[in-house]
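# Summary of structural features
Take a look at the letters that make up each chain.
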Amino acid sequence: MVGSSMSDEETRLANNRLKIGFILLVGASAALVAMQAGATLVQAAVALLCGVVIGGLLTWYLRRWSREFTAVNRR
């Protein structure tokens, strides 16, 4: 049987980078939408910060949900 091509450390690093990238993507999206709507630079910065917070909360929720989902399917 063929095993994983990545070590546990590499897998953890890749997962962390994916989470950070997702959070930044949500934050940047919020800032770009604010700019498109005619926001000032300060308003866009606030939208960026709010988007990063929302992205972090969404990542936390999805991680928690995925643990519950995989625990149910392992039975």
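Conventions and cut-offs
- Residues numbered from 1 in each chain as written.
- Predicted model: local features only at pLDDT ≥ 70, side-chain atom pairs only at ≥ 80, totals over all residues.
- Heavy atoms only, no water.
- UniProt positions renumbered as here; feature names shortened; annotations may be inferred.
- Helix = DSSP H or I, 4+ residues; strand = E, 2+ residues; numbered from the N terminus.
- Patch = residues over 30% accessible without salt bridge, like charges linked within 9 Å, V, L, I, M, F, W, Y side chains within 5 Å.
- Areas by Shrake-Rupley, 256 points an atom, 1.4 Å probe, with all protein chains shown as cover.
- Salt bridge = Lys/Arg side-chain N within 4 Å of Asp/Glu carboxyl O.
- Buried < 20%, exposed > 50% of the residue type's maximum accessible area, 1.4 Å probe, protein only.
- Polar contact = N/O pair within 3.5 Å; in protein donor to acceptor, adjacent residues only side chain to side chain.
- Contact = heavy atoms within 4.5 Å.

Quick look at the UniProt feature "transmembrane region" (unreviewed entry) in the protein now. UniProt's feature table lists "transmembrane region" (unreviewed entry) at residues 20–38 and 44–62, given in the numbering used throughout. Between the end C-alpha atoms of residues 20–38 there is a gap of 27 Å, over a span that is 89% helix and 0% strand. Along residues 44–62 one finds 100% helix and 0% strand; the C-alpha atoms at either end are 26 Å apart.

Take a nonpolar patch on the surface next. On the surface, Phe22, Leu58, Trp60, Tyr61, Leu62, Trp65 and Phe69 cluster together into a nonpolar patch covering about 690 Å² of accessible area. Among the elements that make up the nonpolar patch, the one with the highest residue count is helix α2 (residues 41–73) (six residues). Position of Phe69 among the secondary structure elements: in helix α2.

Residue placement: Ser7 occurs in the segment before α1 (8–36). When its relative accessible area of 37% is taken as the criterion, Ser7 is described as partly exposed. Along the sequence, Ser7 and Ser29 sit 22 residues apart, while their C-alpha atoms lie 33 Å from each other.

The subject of this paragraph is the pattern of salt bridges. Evaluation of the coordinates by the stated rule reveals two salt bridges. Ionic pairing is found between Glu9 and Arg12, a salt bridge with its closest N-O pair at 3.3 Å. Of this pair, Glu9 and Arg12 both sit in helix α1, three residues apart, roughly one helical turn. With its nearest N and O atoms 3.6 Å apart, the salt bridge here joins Arg64 to Glu68. You can see Arg64 and its partner Glu68 sitting in helix α2, four residues apart, about one turn around the helix. Arg64 gets classed as partly exposed once you look at its relative accessible area, which sits at 39%. On the basis of relative accessible area, Glu68 is assigned to the partly exposed category, the value being 44%.

Another point: the side chain of Thr59. Position of Thr59 among the secondary structure elements: in helix α2. Judged by its relative accessible area of 11%, Thr59 is buried. From its side chain, Thr59 meets the backbone oxygen of Gly55 in a polar contact 2.8 Å long. Sequence-distant contacts of Thr59, defined by excluding residues within four places in its chain, comprise Lys19, Phe22 and Ile23.

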